[in-house]
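# Architecture at a glance
Chain residues, written in single-letter form:
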Amino acid sequence: MSIDTLPVYSVVGDRYTFLLTGKDTGGDYAVFEFYVPPGNGPAPHVHTREDESFQIIDGDFEFTVDGQVVRLGAGEFLLARRNIPHSFKNIGARPGRIVATVKPAGLEEFFAEVGVKLVSRTDEPIPPTPDEIARLVRVTHKYGLTMLPPAAT
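Here goes a summary of the coordinates provided. Since we're looking at a predicted model, the values are computed, not measured.

## Quick word on the overall build of the protein chain
When you go through the protein chain residue by residue, the secondary structure sums to three helices and 12 strands. Whereas a compact globule of 153 residues would reach a radius of gyration of roughly 15 Å, the protein chain reaches 14 Å, a difference of no more than 12%. Reported as C-alpha extents along the three principal axes, the dimensions of the protein chain are approximately 40 × 35 × 30 Å. For the protein chain, the proportion of its 153 residues judged to be buried stands at 47%. On the protein chain, the mean spot of the 15 positive side-chain charges and the mean spot of the 20 negative ones are 2 Å from each other.

## Examining the packing of helix 2 (residues 107-114) against helix 3 (residues 130-139)
Contact geometry for helix 2 and helix 3: axes closest at 9 Å, N-to-C directions at 145°. On helix 3, the residues that touch Phe110, Glu113 and Val114 of helix 2 are Glu132, Arg135, Leu136 and Val139. Taken together, the residues of the contact of helix 2 with helix 3 sort by class into four nonpolar, no polar and three charged.

## Focus: the environment of Ile133
Within the secondary structure, Ile133 sits in helix 3. Judged by relative accessible area, Ile133 falls into the partly exposed class, the value being 38%. Considering only alpha carbons, one finds Ile133 and Val12, 121 residues apart in sequence, at a separation of 7.4 Å.

## Things to note about the sheet that holds strand 10 (residues 96-103)
Read across the open sheet, the seven strands follow the order 8-5-10-3-2-1-11; overall the sheet is antiparallel. Of all strands in the sheet, those bounded by a partner on one side alone are strand 8 (77-80) and strand 11 (116-117). Pairing of strand 2 (residues 14-20) with strand 3 (residues 30-36) involves five bridges; the strand directions are antiparallel. Within the sheet, the bridge partner assigned to Leu20 lies in strand 3 and is Val31. Relative to strand 3, helix 2 is tilted by about 40°, and along the sheet it contacts strand 1 (8-11), strand 2, strand 3, strand 5 (51-58), strand 10 and strand 11.

## What about helix 2?
Helical geometry: 3.6 residues make up each α-helical turn, so side chains three or four residues apart lie on a common side. Along helix 2, the residues that are buried comprise Leu107, Glu108, Phe110, Phe111 and Val114. Axial view of helix 2: buried residues confined to an arc of 155°, hence all on one face.

## Some remarks on the pattern of salt bridges
Side chains carrying opposite charge are able to pair once their charged atoms draw close together. The tally for this structure, following the rule as stated, stands at nine salt bridges. Residue Asp51 pairs with Arg81 through a salt bridge whose shortest N-O separation is 3.4 Å. Of this pair, Asp51 sits in strand 5 while Arg81 sits in the loop between strand 8 and strand 9 (86-90), and the two are 30 residues apart along the sequence. Classification of Asp51 by relative accessible area gives buried; the value is 15%. Overlapping salt bridges, with partners in common, bring together Glu33, Asp58, Arg97 and Arg121 in one network.

## Examining the nonpolar core
Core analysis: the largest hydrophobic core is formed by 30 residues, its most contacted members being Phe34, Phe54, Phe63, Phe88, Ile98, Phe110 and Phe111. Ignoring anything within four residues of it in the chain, the contact list for Phe88 reads Phe34, Val36, Asn40, Gly41, Pro42, Phe54, Phe61, Glu62, Phe63 and Ile98.

## With respect to the pairing of strand 9
Of all five residues that make up strand 9, four are buried, and the element is covered over most of its length. In this sheet, strand 9 lies alongside strand 6 (residues 61-65) in antiparallel orientation, the contact comprising five bridges. Following the sheet pairing, Val65 is matched in strand 9 by His86.

Calculation rules
Residues numbered from 1 in each chain as written. Predicted model: local features only at pLDDT ≥ 70, side-chain atom pairs only at ≥ 80, totals over all residues. Heavy atoms only, no water. Helix = DSSP H or I, 4+ residues; strand = E, 2+ residues; numbered from the N terminus. Rg over C-alpha atoms; globule rule 2.2 N^0.38 Å. Buried < 20%, exposed > 50% of the residue type's maximum accessible area, 1.4 Å probe, protein only. Lys, Arg positive; Asp, Glu negative; His and termini not counted. Charge placed at Lys NZ, Arg CZ, Asp CG, Glu CD. Axes fitted to C-alpha atoms, helices over the stretch in contact; angles between N-to-C directions. Contact = heavy atoms within 4.5 Å. Nonpolar A, V, L, I, M, F, W, Y, C, P; charged D, E, K, R; others polar. Pairing = 2+ DSSP bridges. Arc of directions from axis to C-beta. Salt bridge = Lys/Arg side-chain N within 4 Å of Asp/Glu carboxyl O. Core = buried A, V, L, I, M, F, W, Y, C linked by side-chain atoms within 4.5 Å.

The structure is reproduced here in structure tokens:
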């Protein structure tokens, strides 16, 4: 499949390109490219089903994992194990990119359900709407996710 035809979603203001899904890997893992505008990133949360790794491609990010704050830039890597609270935020002045891998696969179904499908991986992400946030809150349990208050990571 050409990179220009990969599924792309706007998810709470970020753009997620599905590089590999569970359908491609027999359910073993999924790989995404996250395009994160300045100041954006997911709210604190916990995965109960998958481990998640982050390879910073470009940009400056601040991760909070189990209460520990770590700043990462291009070329750096972080693993967030399942059942451990985590979040991240683009703290730079320009958009950043992360290649994220989840093992096992399945999180791509969550992103597709809560996000807004985009036409191209060059489309700008859409700011989150109240409907998108409500959809996210409504289905997190279905995917083994728990959203947390900001101070919880």
